[in-house]
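Each chain, written out:
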Amino acid sequence: MKKFQFSLDHVRDYRDRLLDEETGKLQRLQAERDRLEQQINQLKTDFAQVSEEMRKAQAEGITALEQRGFSMQLESIRMQVRELTEQLEAAKARVEQQTRVVVAANQEVSKLDKLRDRQYEDWQAGVRKAEEERIEELGYRLEGEDLEEAFSRFKDLADRKKE
């Protein structure tokens, strides 16, 4: 009997490559999202530090110019946080969309894997049927465990022959 060949191997390989590409895109988008979150957290830490410096300076007495400098620095940080937050929301939406794409691609590959498994089972059943017929042609009538034993031995012999 000829070797098992899944007729959709090329399609499955193509879908698998697409899945890898989409997964790579998702990882890059997640890295971008994480980078934005880190930048926002760093700005929030900077904001807290500048606020604390301003409070200390106010307690010691500062000029209006120094007060204005602190206020401008805090406002600049707030604006950066707002801008990065908008970018973060857009990045999260892109990650969510790409996650859906990856899930769909994964489902396509899984479908092809299941189809291959079913075709392989059908092929094995055909091989078993052909072997039964060949054994009967030789004049033997095997059933049940005897047939299973003969088929198992035949498979072992074929595997050793391949090596």
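Preceding this paragraph is the structure being described.
Residues numbered from 1 in each chain as written. Predicted model: local features only at pLDDT ≥ 70, side-chain atom pairs only at ≥ 80, totals over all residues. Heavy atoms only, no water.

Tallied over the entire structure, the rule returns 1 aromatic pair. Ring plane angle 25° and centroid distance 5.6 Å describe the contact between Tyr120 and Trp123, whose orientation is recorded as stacked. In this pair, Tyr120 and Trp123 both sit in helix 2 (residues 64-137), 3 residues apart, roughly one turn of the helix. Residue Trp123 is classed as partly exposed on the basis of its relative accessible area of 26%. (Phe/Tyr/Trp six-rings, centres within 6.5 Å; stacked < 30°, edge-to-face > 60°. Helix = DSSP H or I, 4+ residues; strand = E, 2+ residues; numbered from the N terminus. Buried < 20%, exposed > 50% of the residue type's maximum accessible area, 1.4 Å probe, protein only.)

What follows deals with the side chain of Glu22. In this fold, Glu22 is placed in helix 1 (residues 9-60). Apart from the residues lying within four places of it in its own chain, the contact partners of Glu22 are Gln98, Val101 and Val102. (Contact = heavy atoms within 4.5 Å.)

With that out of the way, let us pick up the environment of Glu145. Among the secondary structure elements, Glu145 is positioned in helix 3 (residues 144-162). It is 73 Å that separates the C-alpha atoms of Glu145 and Val81, two residues lying 64 residues apart in sequence.

The N-to-C vectors of helix 1 and helix 2 enclose an angle of 160°; their axes lie 7 Å apart at closest approach. Of the possible angle classes, the one that applies to helix 1 and helix 2 is roughly antiparallel. The element helix 1 and its partner helix 2 pack so that their crossing is left-handed. Class assignment of the residues belonging to the contact of helix 1 with helix 2 gives a composition of 24 nonpolar, 13 polar and 16 charged. (Axes fitted to C-alpha atoms, helices over the stretch in contact; angles between N-to-C directions. Parallel < 35°, antiparallel > 145°, perpendicular 65-115°, else oblique. Left-handed = near helix turned anticlockwise from the far one by under 90°. Nonpolar A, V, L, I, M, F, W, Y, C, P; charged D, E, K, R; others polar.)

Given a rise of 1.5 Å per residue, 52 residues ought to cover 76 Å, and the 76 Å separating the end C-alpha atoms of helix 1 matches this to within 8%. Every buried residue belonging to helix 1 is among Arg12, Leu19, Glu22, Gly24, Leu26, Leu36, Ile40, Leu43, Val50, Ser51, Met54 and Ala57, and all of these are buried. Packed against the buried residues of helix 1 are helix 2. Positive phi shows up at Gly61, right after helix 1, with a value of about 95°. (Expected span 1.5 Å × (residues − 1).)

A separate point is the pattern of salt bridges. Under the defined criterion, the tally for this structure stands at 12 salt bridges. Arg33 is the partner of Asp34 in a salt bridge, and the nearest nitrogen-oxygen pair spans 3.2 Å. Residue classification places Asp34 among the partly exposed residues on the basis of a relative accessible area of 34%. (Salt bridge = Lys/Arg side-chain N within 4 Å of Asp/Glu carboxyl O.)

With that out of the way, let us pick up the environment of Asp9. Relative to the helices and strands, Asp9 resides in helix 1. In this structure the C-alpha to C-alpha distance between Asp9 and Arg28, which are 19 residues apart in sequence, comes to 29 Å.

Treat this as a map of the structure, not an account of what it does.
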